[in-house]
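Observations on the model geometry
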Amino acid sequence: MTKRIPLVAGNWKLNGSRASIQALLAGIKTGLQNNAAAGELVVCPPFVYLNEIAQQLQGSNIIVGAQDVSEQAEGAFTGEVAAAMLAEVGCRYVIIGHSERRHVYGESDQLTAQKFVATQHAKLIPILCVGETLAEREQGITEKVIAQQLDAALQVSTIKAFVNAVIAYEPVWAIGTGKTASPEQAQAVHAFIRQRLTQHDAVIAAAVRIIYGGSVKANNAKEIFSQPDIDGGLIGGASLQAKDFLDIYYAAG
Ligand code: PGA
């Protein structure tokens, strides 16, 4: 079986100040001092802090990611940030298609797919978020929704693009609600995602990391991450406390 390196990413969302972020980073660094875990640890601060945080973390084993990116490379797009800019300041990962982008800001599967391409064009690794709403789950169309979200990215790129991509399964009803998918529910969707990619290329599908997000906490991480197709987590609320975040990280290792 292909060995997949676990990945745990903290999505800080619209939280923090320079002072609180410094305290959080200091806590994470201290807790990682004797890091024997085999995984990758990523933090995704708000855009304005990326530059200084990436500089500070150079040479450490904490990786920096962005929470979003423009689908455009350059030009008259007020307020946008291009992938090449993120690469230049030291990001390695970019979250795209997060449910808050899709549902609060109305970003479509197509726009998300364009962001996927733009991210890879700048040699950054997209963390492509997919997930169904509660209504969609109750209608029994979870797989259909996820398939559409995946297919949009596959259509504008190819399966080869998934060699350098991470997928995050985040059921919308589990994000920030304290309700997690059960390990079995999450595993079922992760297996579905992997199987769908297998139809295009079995080797790439076996190697792609599929992480879970949605109310992952220190006390439920181990059980979720122990599922065969779950390769780590995308962590919101619990990534804002160094100890909780590290406990989750070590649960994936
Ligand atoms: P949560 O957020 O851990 O606070 O549920 C997860 C996410 O939005 O990625």
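To keep things clear, this report deals only with the structure shown in the data block. (Residues numbered from 1 in each chain as written. Predicted model: local features only at pLDDT ≥ 70, side-chain atom pairs only at ≥ 80, totals over all residues. Heavy atoms only, no water.)

Moving on: the overall build of the protein chain. For the protein chain, the helix and strand inventory stands at eleven helices and eight strands. Relative to its length of 253 residues, the protein chain is compact, with a C-alpha radius of gyration of 17 Å against a globular reference of 18 Å. Looking at the 253 residues of the protein chain, the share that counts as buried comes to 53%. On the protein chain, roughly 11500 Å² of surface is accessible, and the fraction owed to carbon and sulfur atoms is 52%. Distance between charge centroids for the protein chain: 4 Å, based on 20 positive and 23 negative side chains. (Helix = DSSP H or I, 4+ residues; strand = E, 2+ residues; numbered from the N terminus. Rg over C-alpha atoms; globule rule 2.2 N^0.38 Å. Buried < 20%, exposed > 50% of the residue type's maximum accessible area, 1.4 Å probe, protein only. Areas by Shrake-Rupley, 256 points an atom, 1.4 Å probe, with all protein chains shown as cover. Lys, Arg positive; Asp, Glu negative; His and termini not counted. Charge placed at Lys NZ, Arg CZ, Asp CG, Glu CD.)

All right, on to the layout of surface pockets then. Here the largest pocket is characterised by a volume of approximately 410 Å³. Around the largest pocket, the lining comprises 14 residues; the ones closest to its centre are Lys13, Leu14, Gln67, Arg101 and Tyr105. Within the residue set of the lining of the largest pocket, elements represented by two or more residues are helix H2 (47-56) and helix H4 (99-103). Taken together, the residues that form the lining of the largest pocket break down as seven nonpolar, three polar and four charged. (1 Å grid on protein atoms, 1.4 Å probe; cavity = no way out; pocket = protein on both sides within 12 Å on 5 of 7 lines; lining within 4 Å. Points joined across faces, edges and corners; volume = space filled by probe spheres on them. Nonpolar A, V, L, I, M, F, W, Y, C, P; charged D, E, K, R; others polar.)

Right, let's talk about the nonpolar core for a bit. Ranked by size, the top nonpolar core spans 66 residues in total, and within it Ile28, Phe162, Ile167, Ile193, Leu197, Tyr212 and Phe225 carry the most contacts. Leave out the neighbours within four places in its chain, and leucine 197 touches Leu154, Ile159, Phe162, Ile167, Ala205 and Val208. In this structure, Ala9, Val42, Val166 and Ala168 belong to the second largest nonpolar core, which totals 14 residues. (Core = buried A, V, L, I, M, F, W, Y, C linked by side-chain atoms within 4.5 Å. Contact = heavy atoms within 4.5 Å.)

On to the packing of helix H7 (residues 142-156) against helix H8 (residues 183-198). Between H7 and H8, whose axes approach to 11 Å, the crossing angle comes to 40°. Classified by the angle their axes make, H7 and H8 are oblique. The two elements H7 and H8 cross, and the hand of that crossing is right-handed. Taking contact as the criterion, the partners of Thr142, Glu143, Ile146, Ala147, Leu150, Asp151 and Leu154 in H7 are, on H8, Val189, Phe192, Ile193, Arg196 and Leu197. Class assignment of the residues belonging to the contact of H7 with H8 gives a composition of eight nonpolar, one polar and three charged. (Axes fitted to C-alpha atoms, helices over the stretch in contact; angles between N-to-C directions. Parallel < 35°, antiparallel > 145°, perpendicular 65-115°, else oblique. Left-handed = near helix turned anticlockwise from the far one by under 90°.)

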